[in-house]
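# Coordinate analysis (summary)
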Amino acid sequence: MLTGRTLSARAATLLLTLWLVSMLVFFAGQVLPGDVGRLMLGPFADAEAVAALNKQLGADQPVLVQYWHWFSNALSGDFGTSLSLRLPVAPFVLESLKRSAALAGVILVFLLPLGIGTGIVAGLNQGRFIDRLIVLAGVSFGIVPDFVSGLLLLIVFGLWLNWFPITGAAPDGAGLWVSGYYLILPALPLVLNLAGYIARMTRAGVIEALAADYTRTAVLKGLERREILIRHVLRNALTPTIAVLATQTGYMLGGLVVIEALFGIQGLGNLVLNAAKSRDFPMLEAGVLVMATIFVLSAAAGDLVQALLDPRQRRHVSP
Amino acid sequence: MMELMELPRRGALGWRAASRIRETVSQLPPSVIVGSLLLLFWVGCAVFGSLFVPYDPYAEDFLVMLAPPDAAHWFGTDQLGRDVLSRIVVGSRDILLVAPAATLLGVAAGSVLGLVLGYFDGLVDAIGARLLDTLMAFPFIVLVTMTLVALGPSNLTVILVIGIAYAPLVARTVRAAVREQRKRDYVSAARLGGESALAIMFLEILPNVRETILIELVTRLGYAFFSIATLSFLGLGIQPPSADWGLAVADGYGFLTGGKWWVVIFNSAAIVSLVMATNLIAQGMGAFENSDR
């Protein structure tokens, strides 16, 4: 069984990591850029006006006091006011998070069947032509940068063949299916990129499970091939795949930045990228903090699911 | 007299060296040879490219803006009338400078870290491993964006950011390899012989984990090409007026809807060929057997 001790230790390191992330985010965003008031008002503004704005923003106070203000406000959901929009940051982050989640959902809908399916086929046909083809295709798609494959897909299927819209943002009021249709082309680059990797991990799991003693026992006691595959091989083969999926969250977040910029989706990635370019620090900090939280949580969730599926892992869930 | 006597010997030596090189090359997997040739081609372009390009890569010509590929401009021209072929040849320069520098920084720092953590058991390793976990808890894109915003995008910043991001990943791999070696007899023998920890780490263990480090170096280089091209495309990496490929793709992207595909396609092809070359080498070295990124 999962012990309460491992779980609480895991939760504690998770909170500690998030706290460290929040510190880094704050100091990189708030302290390193220097005079925030000067940055907002420009180089020709009156020194008194700059000082007044700094006072209003709290930027004239000691760094630790500033951090405490920001941190305690962030805990209650107030991430401050955007420097470029002069509006509260939190609603924008929430709205963009929804759009990114929709994109991530479409990616997973295609990625899981494709990656795991081809991985199983390759693993069951180890060494044959179909296995080599799947591995080779996976490696080839895996090395193409997302923005390159995204552009190629956009040119071929969006501009030349006209099968898909070239923007990922569906018109207002579009239903679930139409919105999903707009997200297919943006989702494909990340699907293609990650599918090969997931297939390789699934394949390795299948090959290992096929060679294991419990599979031989199952064959010897006369179980049907179908049953052996589902009950013994797949169950054991998919455990490492789940862990792999969790480790790829960081890569997916980076991919979202690229894809959202490419297809004009106003998601979390685009929000962070634009905030970084316009040096809108409150917006950037909030976006980055949300990204880091997703990343840390998914790693923890991956460990947890793995522990639930594999009894051997329960005792030492890596904190 | 001396010279005459030395001549054949020197020739023999050269011949022996040449045949040894030929022997080593013939033993290499074909993918390593193809990848190396492709990589060498781009290095050649970066170093000597400006000598034989058909046009000045930075010269603007407003009479031939966004001209499609033809006999005069094989790869067409960009939005300022600059020759795309010439720019691609010269555009290899920055990425071929920044990516290897970043990779070397990350692999060197990561190897030293991995050696120390792997060699010392107990407290050093426990604290160090936890620190690596924390560093790796930052999604790559977050680390990169924050650092680039704080320091401003430039070639040097990109080198630092990618190097810092890769160091913990390399350290983890090297640490595992070192822990494997630690238990071997030659390490115990060296320790009994009174060698210092530093000497054991760098003179005894390091040569035995060099293959791990070499594979790590080539694999990371591939990812560095990948990441740096992406950062440049996003406007966070190499900055104008460089003829960098990622920058050119970002510029040409806006003209795609007008049917002007050549800037994007040819520059993308250049990026893919460079990443592919590195990956062919890494694959030939058996890097993908149980890798994770």
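About the cut-offs
- In every chain, residue numbers begin from 1 and rise along the written sequence.
- Going through the entries in the order they are written, you letter the chains from A and number the ligands from 1.
- Where totals are concerned, whole chains, interfaces and linings use all residues; where local detail is concerned, this predicted model gives features only for residues with pLDDT of at least 70, and gives and counts side-chain atom pairs only at 80 or more.
- UniProt positions are given in the numbering used here, feature names are shortened, and annotations may be inferred rather than shown by experiment.
- Secondary structure follows DSSP: runs of H or I at least 4 residues long count as helices, runs of E at least 2 residues long count as strands, and numbering of each begins at the N terminus.
- Partly exposed residues are those whose C-beta has more than 12 but fewer than 20 other C-beta atoms within 10 Å; with 20 or more the residue is buried, with 12 or fewer it is exposed, and the C-beta atoms are placed from the backbone.
- Whether two residues are in contact depends on their C-beta atoms, placed from the backbone: they are in contact if these lie within 7 Å.
- Per the annotation, domain bounds derive from an automatic or database assignment of domains.
- Three classes are used: nonpolar for Ala, Val, Leu, Ile, Met, Phe, Trp, Tyr, Cys and Pro, charged for Asp, Glu, Lys and Arg, and polar for all others, with Gly counted as polar.
- Here a nonpolar core is just a set of buried residues of the types Ala, Val, Leu, Ile, Met, Phe, Trp, Tyr and Cys, joined wherever their C-beta atoms sit within 7 Å.
- The pLDDT score gives, residue by residue, the confidence of the prediction method on a 0 to 100 scale.
- Here, axes are lines fitted to C-alpha atoms. For helices the fit covers the stretch in contact, and angles between N-to-C directions go from 0 to 180 degrees.
- Each angle receives one of four descriptions, namely roughly parallel if under 35 degrees, roughly antiparallel if over 145, roughly perpendicular if within 65 to 115, and oblique otherwise.
- By convention the crossing between two helices is left-handed if the near helix lies anticlockwise of the far one by an angle smaller than a right angle, and right-handed if it lies clockwise.
- The span one expects for a helix is its residue count, reduced by one, times 1.5 Å.
- Two axes define the bend at a residue: one fitted to the seven residues ending there, one fitted to the seven starting there, and the bend is the angle between them.

Labelled according to an unreviewed UniProt entry, chain B appears under the name ABC transporter permease, originating from Mesorhizobium neociceri. Listed under Sequence similarities (unreviewed entry) in UniProt, the entry text for chain B is "Belongs to the binding-protein-dependent transport system permease family." As its UniProt record puts it under Subcellular location (unreviewed entry), chain B is described as follows: "Cell membrane".

Per an unreviewed UniProt entry, chain A goes by ABC transporter permease and derives from Mesorhizobium neociceri. What the UniProt record of chain A gives under Sequence similarities (unreviewed entry) is the line "Belongs to the binding-protein-dependent transport system permease family." Listed in UniProt under the heading Subcellular location (unreviewed entry), the comment for chain A reads: "Cell membrane".

What follows is about the overall build of chain A. When its secondary structure is counted, chain A shows 13 helices and 0 strands. Scanning chain A from its N terminus toward the C terminus, one meets helices and strands in the order α-α-α-α-α-α-α-α-α-α-α-α-α. With the C-alpha coordinates aligned to their principal axes, the bounding extent of chain A is approximately 85 × 60 × 35 Å. Counting across all 319 residues of chain A, residues that qualify as buried make up 39%. Across chain A, contacts joining residues at least 24 apart in sequence account for 69% of those joining residues at least 6 apart.

Before going further, it helps to examine the overall build of chain B. A tally of regular secondary structure across chain B gives 11 helices and 0 strands. For chain B, the sequential pattern of α-helices and β-strands runs α-α-α-α-α-α-α-α-α-α-α. With respect to the principal axes defined by its C-alpha atoms, chain B has extents near 75 × 65 × 35 Å. For chain B, the proportion of its 293 residues judged to be buried stands at 44%. A separation threshold of at least 6 residues defines the contact pool for chain B, and within that pool the share at least 24 residues apart is 72%.

Within the UniProt annotation, "transmembrane region" (unreviewed entry) is assigned to residues 32–55, 95–119, 131–150, 156–174, 221–241 and 261–282 of chain B. A helix fraction of 67% and a strand fraction of 0% characterise residues 221–241 of chain B, whose end C-alpha atoms lie 24 Å from each other.

This next bit is on the domain arrangement of chain A. All names here are of chain A. Its domain assignment divides chain A into domain 1 (4–75) and domain 2 (96–316). Each side of the interface is counted separately: domain 1 has 12 residues, and domain 2 has 10 residues. Among the elements that line the side of domain 1 that touches domain 2, the one with the most residues is helix 1 (residues 4–31), at 10 residues. When its residues are assigned to classes, the side of domain 1 that touches domain 2 shows 7 nonpolar, 4 polar and 1 charged.

The subject of this paragraph is the nonpolar core. Counting residues in hydrophobic clusters, the biggest one holds 159 residues, and the most contacted among them are A:Ile198, A:Val272, A:Met291, B:Phe225 and B:Ile228. Two domains each donate at least three residues to this core, and these are domain 1 (4–75) and domain 2 (96–316) of chain A. Excluding anything up to four places from it in sequence, B:Phe225 contacts B:Ile95, B:Ala99, B:Leu274, B:Val275 and B:Thr278.

What follows deals with the confidence of the model for chain B. Residue and element names in this part refer to chain B. Chain-level statistics for chain B give a pLDDT mean of 82 and a share of 92% at 70 or above. Ranking the helices and strands of chain B by mean pLDDT puts helix 3 (residues 84–119) first, with 90, and helix 1 (residues 2–27) last, with 62. Ignoring residues within four places in sequence, the model shows residues 1–8, a span with pLDDT below 50, making 0 contacts including any to other chains.

When the UniProt feature table is mapped to this numbering, "domain: ABC transmembrane type-1" (unreviewed entry) covers residues 97–301 of chain A. With 83% helix and 0% strand, residues 97–301 of chain A has end C-alpha atoms that lie 19 Å from one another.

This part takes up the packing of helix 10 (residues 225–247) of chain A against helix 13 (residues 281–309) of chain A. Residue and element names in this part refer to chain A. Taken N-terminus to C-terminus, the directions of helix 10 and helix 13 make an angle of 175°; their axes are 8 Å apart at the nearest point. One way to sum up the angle between helix 10 and helix 13 is to call them roughly antiparallel. Between helix 10 and helix 13, the contacting residues are Thr-239, Ile-242, Ala-243, Leu-245, Ala-246 and Thr-247 on the first element and Ser-298, Ala-299, Ala-301, Gly-302, Val-305, Gln-306 and Leu-309 on the second. Broken down by class, the residue content of the contact of helix 10 with helix 13 amounts to 8 nonpolar, 5 polar and no charged.

Moving on to the interface of chain A and chain B. On the side of chain B, 34 residues touch chain A, which itself brings 37 residues to the contact. Where the side of chain A that touches chain B is concerned, the elements lending two or more residues are helix 1, helix 7 (146–160), helix 11 (249–263), helix 12 (268–277) and helix 13 of chain A. Sorting elements by how many residues they give to the side of chain A that touches chain B places helix 11 of chain A first, with 7 residues. Taken together, the residues of the side of chain A that touches chain B sort by class into 30 nonpolar, 5 polar and 2 charged.

Let's shift gears to the confidence of the model for chain A. The predicted model of chain A has a mean per-residue pLDDT of 80, with 91% of residues at 70 or higher. Mean pLDDT values for the elements of chain A range from 69 in helix 2 (residues 36–41) of chain A up to 88 in helix 5 (residues 89–124) of chain A.

Here helix 10 (residues 245–253) of chain B lies mainly inside the structure; 7 of its 9 residues are buried. What helix 10 of chain B keeps buried is the set B:Trp245, B:Gly246, B:Leu247, B:Ala248, B:Val249, B:Ala250 and B:Gly252. Residues of helix 10 of chain B that are buried make contact with helix 7 of chain A together with helix 3, helix 9 (210–234) and helix 11 (262–284) of chain B.

Our next topic: the UniProt feature "transmembrane region" (unreviewed entry) in chain A. All names here are of chain A. Feature annotation in UniProt places "transmembrane region" (unreviewed entry) on residues 12–32, 101–121, 133–160, 180–199, 241–266 and 286–309, given in this structure's numbering. From the first C-alpha to the last, residues 133–160 spans 28 Å; its make-up is 89% helix and 0% strand. Span residues 180–199 is 100% helix and 0% strand, its end C-alpha atoms 24 Å apart.

A separate point is the packing of helix 3 of chain B against helix 8 (residues 197–208) of chain B. All names here are of chain B. Where helix 3 contacts helix 8, the two axes come as close as 11 Å, and the packing angle between them is 115°. The angle between helix 3 and helix 8 places the two elements in the roughly perpendicular class. Helix-helix and strand crossings are classified by hand; for helix 3 and helix 8 the assignment is right-handed. Listed contacts from helix 8 to Leu-115, Val-116 and Tyr-119 of helix 3 are Ala-197, Met-201, Ile-205 and Leu-206. A class-by-class count of the residues in the contact of helix 3 with helix 8 yields 7 nonpolar, no polar and no charged.

We now examine the environment of B:Asn155. Residues and elements named next belong to chain B. Counting through the fold element by element, Asn-155 comes out in helix 6 (residues 155–182). For the pair formed by Asn-155 and Asp-94, sequence separation is 61 residues and the distance between their alpha carbons is 7.9 Å. Dropping the residues within four chain positions of it, Asn-155 is found in contact with Asp-94, Val-98 and Ile-238.

Compared with the 52 Å implied by 1.5 Å per residue over 36 residues, the 51 Å span of helix 5 of chain A between its first and last C-alpha is a close match. When the local axis directions of helix 5 of chain A are compared, the greatest deviation, roughly 30°, occurs at A:Leu111, which is followed within four positions by the proline A:Pro113.

Residue and element names in this part refer to chain A. Residue placement: Gly-168 occurs in the loop between helix 7 and helix 8 (176–211). Between the alpha carbons of Gly-168 and Gln-126 there is a distance of 38 Å; along the sequence they are 42 residues apart. In this structure, Gly-168 is in contact with Tyr-182, Leu-183, Pro-186, Phe-263, Gly-264 and Ile-265, ignoring residues within four places of it in sequence.

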